[in-house]
Amino acid sequence: MNQSPFIVLQSVSKAYRRGATIVKALHEVTLEIRKGELVRLYGPSGSGKTTLLNLIAALDYPEQGEITVGDQNVTRLSRADAALYRNERVGIVFQAYNLLPQLTALENVLLPMIPKARLERQRAVRLLESVGLGSRSGHRPTQLSGGEQQRVAIARALANDPDLVLADEPTGNLDDENALMIMDLLCGSCRERGKTLILVTHDRSSVQLADTALELRAGSLTKT
Amino acid sequence: MIWIKLIFGGTGRRSFEAIAAGVVLAIAIAIVVGSLMVVEGARAALSQAERDDRPDIVRVTSRFNRALFETPRSGTLPPMTLPVYEPLIDPAQLAPMGNRATVVARQSFLRNVVFDEGFLNIYVFGIEPDLEWRISKFSLSRGRFLRNDDRDAAVLDQLSAHALGVDIGGSFPIRKADDQDLSLTVVGILETVALRDPPPRTVEAPSPIADSSFVSGGVFVSLRTSEAIFGRPTLTDALIVARSLRDVPSVVDQLQEIFRLEPGVFIAERYNQFFRKVHDFTLTLGLFTGISAATTLLAVAFASNLLHDVYADRRRQFGVLTVLGFSATWSLAPDVALGLATASLGAIVAYLMAAMLGPKQFAMPSLMADLGVVEPRFDGLVFAAMVIITATVVVLGIVPTALQLRRASIARTLSDDGL
């Protein structure tokens, strides 16, 4: 495992305005994650886990601090650069799967390849086979179970061979059996491919799978 | 295939709104296109009426009076009197009009042409060829038309040429005021003649248009030649062409002032008559235009609101595409394409409805019927209106969503949509 830090957060703070109230989602968070490391991020609801993932994915901007991923400062990327960064370097898995319902499983996996104008159909098929859905590539999300949809979402996250995978409560909508399988699949896929994984979860089954666990409480980080 | 699904799929329960927007647009644009086609047809009818009536022309004529005409030098026919214009208009009096209008001077008179086998009554017109060509219609069969500097040259209609037994290069005599004959050389034969405001036909003379009560043919010479024949420069009539329609009343006033001491000179304009005739017509056009505008506003507001609902519901797709690395433009492109496709389909259906169901001819009632039958027409303006309506619906529909997406961070967009 490469020991040099791959992701660096330096005194990152983020606050939201909710009506007249300002909510501090993150406060002076400093963090280093090595390349290929599997990080489990947990904490109570509203502690800032999703906010932290959004900042690393350049879906939002911090009020202060610096975020570096690899050799790229992603703190204040333009919308176009942020889109390029996400497309090339980040794969995201959501709790609600967020597959487009009008597309088949295969087309959902092909979707991230469109901005690169290089549709690697064979690669997409192989990814679906790797998550055990080779025979269901022509099915639409509504024809798949929750666990199967999340497996398609994992394949989609890996479609562009990103350095970093961000998973936000990927098992939140699944039963225990499916949750265990998804967690195994996600962590196994990332470890097998040498991807860095930041996994936001309450699921205890991931404790053994992760290299590092980070706890967020009221916007501040505690490493365990 | 993926793009087609991104564009047309994922509307879910909002498909109804998209279809409704298309239907509303189709009906509205059909009404607008139908109305505008009538308006365009009516405008064409108005333009045609304006070209035919020429309300911008004010006519100045001398008194129509009887004059003594000689009989042929051989034979036993007695002298006779024939009604002709008297040459009472001094060209110098019309000179001040040059600033505000074009003066087309004329000398029109009747002559007996005597030749071997008999004689012929024939109308002779002294004209300014360059100016007359602009307001009257001449088409040549052979030879050339007159030039301003032509001397003793004539063009005449085929019937007159045949009656006189002359052709290009031939000549015939015309008796001058000093009782001498002037030999005119034929330089052109006219296929058709449509003289603007011709004099009444009072004598048996070759007439290309049979039974016409106005002179429809004759011999045309330059004003210089006709002055030589007539023996004087005064005009029998003149047409004053105003620079614009708005100038006509003041031109008429000025002419009346010039000729107020000349009881034998009459001034006639068609301006007021024309505008009485088109008044109802323009009001009706205004009504159709108003219907179009009101329908457009209502339809655009309604359809764009329906599309807005569709777009708002597709923010989820926008968010997912953005997260996957699509640029904002490409993320929004399926929505724009959906709006354009819906609106364009509506516009095409509308055009087909208007073209197939609309009347081929539109008869205006009462006074307006004088302007003729209106033929609805599809032209650039109608097409432009369709394009503008379609584009406006798409833009108004998507702008609120686009602005909302632009202002909010992507994370906020995702969380607002429950992602």
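Please refer to the structure higher up on the page.
Nothing here was measured: the structure is a model prediction, and the numbers come from that model. (Residues numbered from 1 in each chain as written. Chains lettered and ligands numbered in written order. Predicted model: local features only at pLDDT ≥ 70, side-chain atom pairs only at ≥ 80, totals over all residues.)

With that out of the way, let us pick up the overall build of chain B. Along its length, chain B carries 12 helices and 12 strands. Looking at chain B as a whole, 38% of its 419 residues are labelled buried. Restricting the contact set of chain B to residue pairs at least 6 apart, pairs at least 24 apart contribute 76%. (Helix = DSSP H or I, 4+ residues; strand = E, 2+ residues; numbered from the N terminus. Buried ≥ 20, exposed ≤ 12 C-beta atoms within 10 Å, placed from the backbone. Contact = placed C-beta atoms within 7 Å.)

Moving on: the interface of chain A and chain B. In this assembly, 23 residues from chain A lie in contact with 18 residues from chain B. Contributions of two or more residues to the side of chain A that touches chain B are made by α2 (79-89) and α3 (105-110) of chain A. If one sorts the elements of the side of chain A that touches chain B by residue count, α2(A) sits on top with 6 residues. Residues that form the side of chain A that touches chain B fall into these classes: 15 nonpolar, 4 polar and 4 charged. (Nonpolar A, V, L, I, M, F, W, Y, C, P; charged D, E, K, R; others polar.)

Unusually for a residue other than glycine, A:E169 sits at a positive phi of about 50°. Checked against the element boundaries, A:E169 lands in the loop between β7 (164-168) and α6 (176-193). A:E169 sits in the partly exposed class, given 19 other C-beta atoms within 10 Å. In this structure, B:D211 takes a positive phi of about 65° despite not being glycine. Summarising the element assignment, B:D211 is placed in the loop between β9 (181-194) and β10 (219-222).

Residues and elements named next belong to chain A. Spatial strand order, β2-β1-β4-β5: 4 strands in an open sheet with antiparallel pairing. This sheet does not close on itself; its edge strands, each paired only once, are β2 (21-34) and β5 (72-73). Here 5 bridges tie strand β1 (residues 5-18) to strand β4 (residues 64-69), and the two strands are oriented antiparallel to one another. Bridge pairing in β4 places L9 opposite I67. (Pairing = 2+ DSSP bridges.)

The subject of this paragraph is the nonpolar core. Residues B:L25, B:I29, B:V33 and B:I240 are the most contacted members of the largest nonpolar core, which totals 94 residues. In terms of residue count, helix α2 (residues 15-53) of chain B provides more of this core than any other element does, 16 residues in total. A domain-level breakdown of this core finds at least three residues from each of domain 1 (2-51 + 276-416) and domain 2 (56-269) of chain B. Leave out the neighbours within four places in its chain, and B:V33 touches B:A350, B:Y351, B:A354, B:V382 and B:M386. Counting 77 residues, the second-largest nonpolar core is a separate cluster that includes A:L99, A:V152, A:V165 and B:V320. (Core = buried A, V, L, I, M, F, W, Y, C linked by C-beta atoms within 7 Å. Domains from an automatic or database assignment.)

Within helix α1 (residues 49-56) of chain A, 8 of the 8 residues are buried, which leaves the element mostly enclosed by the surrounding structure. Those residues of α1(A) not exposed but buried are A:K49, A:T50, A:T51, A:L52, A:L53, A:N54, A:L55 and A:I56.

Residues and elements named next belong to chain B. Among the secondary structure elements, L285 is positioned in helix α8 (residues 271-313). The exposure class assigned to L285 is buried, which follows from the 22 C-beta atoms found within 10 Å. Sequence spacing of L285 and V39 is 246 residues, and the spatial spacing of their C-alpha atoms is 5.8 Å. Beyond its immediate sequence surroundings of up to four residues, L285 is in contact with V39 and A42.

Here we take up helix α7 (residues 248-258) of chain B. Residues and elements named next belong to chain B. What α7 keeps buried is the set V248, V251 and L255. Buried residues of α7, viewed axially, fall in a sector of 60°; they line one side. Turned more than 90 degrees off the buried face of α7, the exposed positions are S250, D253, Q256 and E257. (Arc of directions from axis to C-beta.)

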